[in-house]
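Notes for the structure review
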Amino acid sequence: MKYSAKIICETFPCLSKPIDPARFRHIGLSASLAALLSLLPSAEANASQWPICGAERRITCVVDGDTFWHDRVKYRIADIDAPESGERAQCEDERILAGLATQRLKELLDSGGVQLRSLNREDRYGRVLVRVLTNSGDVSPLMISEGLAAPFGKPDRGRWCRP
């Protein structure tokens, strides 16, 4: 199977000058493709350092408004409880708030200067409990003040669903 610059350009941002396939004849197909792709502008240059987690392997990403992965370790922000998403949400309002909380945590982490202060313990799901500081400030009180989280430990599962 032959890969053309046209196929690559439909998938990735293209180079400003045409690719000369003759430069890559002496190496195998997969190595040729890797070499061509290395010439393209990095997609990561425009990507968030803290993307929202998807189905791919979780290395560094935001799960929801109070949980994230960093360097393959799963963390839970101490002292807050964010709305649940998906099937765990008790109503549509909670699902919507969960999406907003997830996006806001991503923005706070993307603001830079991330410092994780471990509480030297894990929650019942094995997540490392941390306080999170960023260039925007301490994440816990920010999320609470914006209505995207509640103080942890107040058992009120329906809090996001009341008018």
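None of the values given here were measured: they were computed from a predicted structure.

**Thoughts on the environment of Met143**
The residue Met143 is located in helix H4 (residues 139–145) in this model. Measuring from C-alpha to C-alpha, the distance between Met143 and Arg104 comes to 7.9 Å, with 39 residues separating the pair along the chain. Ignoring any residue separated from it by four or fewer positions in sequence, one finds Met143 in contact with Gly65, Ile80, Ala101, Arg104, Leu105, Leu108, Leu148 and Ala149.

**With respect to the nonpolar core**
With 18 residues, the main nonpolar core has Phe68, Ile77, Leu105, Leu109, Val132, Val139 and Met143 as its most contacted residues. The element that contributes the greatest number of residues to this core is helix H3 (residues 92–110), accounting for four residues. Apart from residues no more than four positions distant in its own chain, Val139 is found in contact with Ile77, Leu105, Leu108, Val132 and Thr134.

**Some details on the state of the cysteines**
Under the criterion given, the structure shown has two disulfides. Disulfide pairing places Cys53 opposite Cys61 at an S-S distance of 2.0 Å. The sign of the S-S torsion, about 90°, decides the handedness of the disulfide formed by Cys53 and Cys61: right-handed. A single burial state applies to Cys53 and to Cys61, both of which are buried. Between the sulfur atoms of Cys91 and its disulfide partner Cys161 the distance amounts to 2.1 Å. Negative torsions about the S-S bond denote left-handed disulfides, and the value of about -100° found for Cys91 with Cys161 makes this one left-handed. Residue Cys91 is found in the loop between strand E4 (80–81) and H3, and its partner Cys161 is found in the segment after strand E8 (150–151); the two are separated by 70 residues along the sequence. A residue is classified by how much of its surface remains accessible, and Cys91, at 16% relative accessible area, is buried.

Calculation criteria
- Residues numbered from 1 in each chain as written.
- Predicted model: local features only at pLDDT ≥ 70, side-chain atom pairs only at ≥ 80, totals over all residues.
- Heavy atoms only, no water.
- Helix = DSSP H or I, 4+ residues; strand = E, 2+ residues; numbered from the N terminus.
- Contact = heavy atoms within 4.5 Å.
- Core = buried A, V, L, I, M, F, W, Y, C linked by side-chain atoms within 4.5 Å.
- Buried < 20%, exposed > 50% of the residue type's maximum accessible area, 1.4 Å probe, protein only.
- Disulfide = S-S within 2.5 Å.

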